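Secondary and tertiary structure notes
For reference, the chains in residue letters:
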Amino acid sequence: MKPEDLLQRLSPTHTQKCTVGCLVLDRLLGGGIPCNSITELVAESGCGKTQISLQLLLSAQLPTSLGGLSGSSIYLYSESPFPVRRLHQLSSSFPTLHNPLGKILTHPLHSAHHLFDVLSQLDSLLSSRLDSPSQIKLIVIDSIAALFRFEFENNPRDLKQRSGLFFRISSKLKEQARRFGLAVVVINQVVDVMNDTDGLRIGNSTCWYTSERKVCAALGLSWANCVNTRLFLSRQEERVAREVNGDDCFSTQTRRFIRVAFAPHLPDSYCEFVISREKIFGLER
Amino acid sequence: MEVSSLPISASLRAKLISGGYTSISSLFSVSHSDVARDLKISENQALEILRVASRRRGSERSNGTSSIVNGAQSAWEMLNEEKLLGRITTSCSELDDILGGGISCKEVTEIGGVPGIGKTQLGIQLAVNVQIPMDYGGLQGKAVYIDTEGSFMVERALQIAEACLEDMREYHGFLKRDLQACQVNMQPKDFLENIFYFRVCSYTEQIAVVNYLEKFISEHKDVKVVIIDSITFHFRQDFDDMALRTRLLGGMALKLMKLAKKFTLAVILLNQVTTKYTEGQYQLTLALGDSWSHACTNRVILYWNGNERYAYIDKSPSVRSAAAAYSVTGRGIRSSVSNCKRVKMM
């Protein structure tokens, strides 16, 4: 047993981050999604969780000189169908990649236990491809919340089982992240916060606002202990006035934000981002 | 007192020093077989060294009491020794104050709180601060960091080390007249070199590393802090046999406590919080259950109070319960901003 040389990890080839595919977002994240740990994206539906993760599947294939991981990725999804058309659309922004869709493996998930089984089976695939041109460098799970939200009852016995499974899945993911130098992204949903008094504060804010709802991340406190970095996405409808032919005309515009809820290496910060046809990108403040 | 003043042969003296036994006090708590093994000398030679060392100690002592059993200490001796023990600063003076001057060596301190409260930040800060040179009131030690969760980020450790160096340089500026000789010639990278980092991916690995620590630290006697971030993570996967879990955790706690005593080092165990169902309502409590709560000497709970982070001493044999605000900044753990304002207003 030997301690690890931290200086070696400091060299740019070892502290790997996976670019999100946009300089502004990368700056917010200190270079991108870190390898060797679990990053969670939390948001209500329609905020762009899946969009960001689809773009990640592509940017992970970029060479390391461009901030990517030069690797393939695995996309595990619980909410069918897999948005393959959108992925194809986004891939046009990555003209340098050769047949990018061929380097994305997908697998559907039925239940939380199924997820654990799939992860265990991945070990052999991950190690067989290690250090080969088709090495896998990113796992995305979309979404963890959907798997857990309906399978367990709200009684002490089920809750205990549920949190045990959280830690088992997280431990497996972290072990793989570490062994194979993977970036792991899990997607989580939100639940409404009913009253102010018993809101447990996790991270940089007691509760989060999205579409004028007050929400917090789903799956509770135990799951929050299972991820290393939590990013919160929110949306906000705004009425904007525009002048059309001399008349004021109102239209609604959706603004989207991404904020660091907690992370071992990032301060509390946020940035606005836009989902366009071609790509997802952050806005300079 | 240095071992160089002991009336023993020069070669033995050199062996002692190269083995890390630089002060006479470092010979008090070890057995002759340990010394024999460490220095690769015969047991008789080791016994002789210890006899000479204890005689020297006897002549030093003002009241001349000698211990009843080898290794036993009177409370008076313990008090004197405790005064000499260094403490590791947290870089937040209010937090240091309620801890009685910082994290104390020779003890196991458990620190718990919700995700994002700053447990890992405090862990990294202590791994850096333990290295502050003696001229700056530090321990000039090294750190062992056992990472069970994968949250240790090298880039963050480097940031905190850089800020720590800046503070030392500033301090050096104040004391320039007195401390001509000691320049700060450390580099941020030196701090990283002195953190022995172990990443463990299962509870069996965690137990193995803890068992290995005794050997590792006896080879690296300048380790002054052991940080486990977190003690909990691998023990929260469904353990069907809860009695086994309790035994494993208890055994680990005992080993760590022994380590703290034997090598005069601080052990920091970071813990998670969980909700506990009592009297019809859910309450926040540190994880791992009731029996675990007896395992650590000190217990510090980190929590949010409005927009401020607070640390609360939940259990300590030597200081009273108290709370202090702290903040997590780009430079690491620091005093809370509102505290500074209050001071300025007065």
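Residues numbered from 1 in each chain as written. Chains lettered and ligands numbered in written order. Predicted model: local features only at pLDDT ≥ 70, side-chain atom pairs only at ≥ 80, totals over all residues. Heavy atoms only, no water.

Remarks on the nonpolar core
Among the nonpolar cores identified, the biggest contains 98 residues, and L76, L115 and F148 of chain A are the most heavily contacted of them. Top contributing element to this core by residue count: helix α7 (residues 154-174) of chain B, with eight residues. With residues up to four places along the chain from it excluded, the contact list for F148 of chain A reads A112, R162, L165, F166, I169 and L219 of chain A. Judged by nonpolar contacts, the second largest core, of 42 residues, contains L29, L58, I258 and V260 of chain A. (Core = buried A, V, L, I, M, F, W, Y, C linked by side-chain atoms within 4.5 Å. Buried < 20%, exposed > 50% of the residue type's maximum accessible area, 1.4 Å probe, protein only. Helix = DSSP H or I, 4+ residues; strand = E, 2+ residues; numbered from the N terminus. Contact = heavy atoms within 4.5 Å.)

Quick look at the interface of chain B and chain A
Tallying the contact residues gives 41 residues for chain B and 39 residues for chain A. Both faces combined, the contact of chain B with chain A buries some 3600 Å², and carbon together with sulfur accounts for 62% of it. Scanning the region where chain B abuts chain A turns up one salt bridge. Of the charged contacts, one joins E155 of chain B and K17 of chain A as a salt bridge, the two residues approaching to 2.7 Å between their closest N and O atoms. Scanning the region where chain B abuts chain A turns up 11 residue pairs in polar contact (both at pLDDT 80 or more). Elements with a contribution of two residues or more to the side of chain B that touches chain A: α7, α8 (188-193), β5 (195-199), α9 (203-219), β8 (273-278) and β9 (281-286) of chain B. The element best represented in the side of chain B that touches chain A is β5 of chain B, accounting for five residues. (Buried area = accessible area lost by both parts, 1.4 Å probe. Salt bridge = Lys/Arg side-chain N within 4 Å of Asp/Glu carboxyl O. Polar contact = N/O pair within 3.5 Å; in protein donor to acceptor, adjacent residues only side chain to side chain.)

Some details on the sheet that holds strand β12 (residues 247-262) of chain A
All names here are of chain A. Taken in spatial order, the nine strands line up as β5-β4-β6-β7-β3-β11-β12-β13-β14 in an open sheet, and their pairing is mixed. The sheet terminates laterally at β5 (104-108) and β14 (280-282), the two strands that pair on one side only. Each strand axis lies, on average, 25° off the axis of its neighbour in the sheet, ignoring direction. Summarising the sheet, strand β3 (residues 38-42) and strand β11 (residues 229-244) pair through four bridges and their orientation is parallel. When the sheet's bridge partners are listed, L41 is paired in β11 with L231. Contacting β4 (72-77), β5 and β6 (136-142), helix α5 (residues 112-128) crosses the sheet at an angle of about 165° to β4. (Pairing = 2+ DSSP bridges. Axes fitted to C-alpha atoms, helices over the stretch in contact; angles between N-to-C directions.)

Looking at the environment of K214 of chain A
By the element assignment, K214 of chain A lies in strand β10 (residues 213-217). Separated by 20 residues in the primary sequence, K214 of chain A and M194 of chain A have C-alpha atoms spaced 7.9 Å apart.

Observations concerning the environment of T246 of chain B
Take T246 of chain B: it is sitting in helix α10 (residues 242-262). Sequence-wise, T246 of chain B and G289 of chain B are 43 residues apart; in three dimensions their C-alpha atoms are separated by 8.7 Å.

Quick look at the pairing of strand β10 (residues 298-305) of chain B
Residue and element names in this part refer to chain B. In terms of strand pairing, strand β3 (residues 108-112) meets β10 through four bridges, oriented parallel. Looking at β10, one finds that G112 is bridged to I301. Pairing between β10 and strand β11 (residues 308-315): seven bridges, direction antiparallel. Paired with R299 across the two strands is K315, which belongs to β11. Counting the residues that bridge the hairpin from β10 to β11 gives two residues, and of these G306 lies at a positive phi of roughly 65°.

Some thoughts on the domain arrangement of chain B
Residue and element names in this part refer to chain B. Examined at the domain level, chain B breaks down into domain 1 (3-81) and domain 2 (85-345). Across the domain 1 to domain 2 interface the summed buried area is about 490 Å²; carbon plus sulfur atoms make up 34%. Scanning the region where domain 1 abuts domain 2 turns up two salt bridges. Two residues, K262 and D34, come together in a salt bridge whose shortest N-O distance is 3.7 Å. At the surface where domain 1 touches domain 2, the tally comes to one residue pair in polar contact (both at pLDDT 80 or more). (Domains from an automatic or database assignment.)

What about the pattern of salt bridges?
One pass over the structure, following the stated rule, counts 26 salt bridges over all chains. Across the pair E284 of chain A and R27 of chain A runs a salt bridge, and its minimum N-O distance is 3.5 Å. You can see E284 of chain A sitting in the segment after β14 and its partner R27 of chain A sitting in helix α2 (residues 23-28), a full 257 residues away along the chain. For the pair E284 of chain A and R27 of chain A, one class covers both residues: exposed. Within this structure, D34, R37, E214, K258 and K262 of chain B form a network of salt bridges that share partners.

What to know about the sheet that holds β5 of chain B
All names here are of chain B. Judged by pairing direction, the sheet is mixed, and its nine strands sit side by side in the order β5-β4-β6-β7-β3-β10-β11-β12-β13 without closing on themselves. Of all the strands in the sheet, the pair left with one neighbour each is β5 and β13 (332-335). Within this sheet the neighbouring strands show an average axis-to-axis angle of 25°, counted without direction. Here strand β12 (residues 323-329) runs beside β13; their pairing, made up of four bridges, is antiparallel. Note that in β13 the partner of V328 across the bridge is I333.

Observations concerning the side chain of N225 of chain A
For N225 of chain A, the position within the fold is in the loop between α8 (220-224) and β11. Residue contacts for N225 of chain A: discarding those within four places in its chain leaves F167 and K174 of chain A together with P115, E149, F233, R236, Q272 and V273 of chain B.

Concerning the packing of α5 of chain A against helix α7 (residues 156-180) of chain A
Residue and element names in this part refer to chain A. Two elements in contact, α5 and α7, have axes whose closest approach is 10 Å; the angle formed by their N-to-C orientations is 15°. Considered as vectors, α5 and α7 are oriented roughly parallel to each other. For the pair α5 and α7, the crossing hand works out as left-handed. Residues A112, H113, L115, F116, L119, S120, L122, D123, L126 and S127 of α5 pack against L165, R168, I169, K172, L173, Q176, R179 and F180 of α7. For the contact of α5 with α7, the residue count by class is 10 nonpolar, four polar and four charged. (Parallel < 35°, antiparallel > 145°, perpendicular 65-115°, else oblique. Left-handed = near helix turned anticlockwise from the far one by under 90°. Nonpolar A, V, L, I, M, F, W, Y, C, P; charged D, E, K, R; others polar.)

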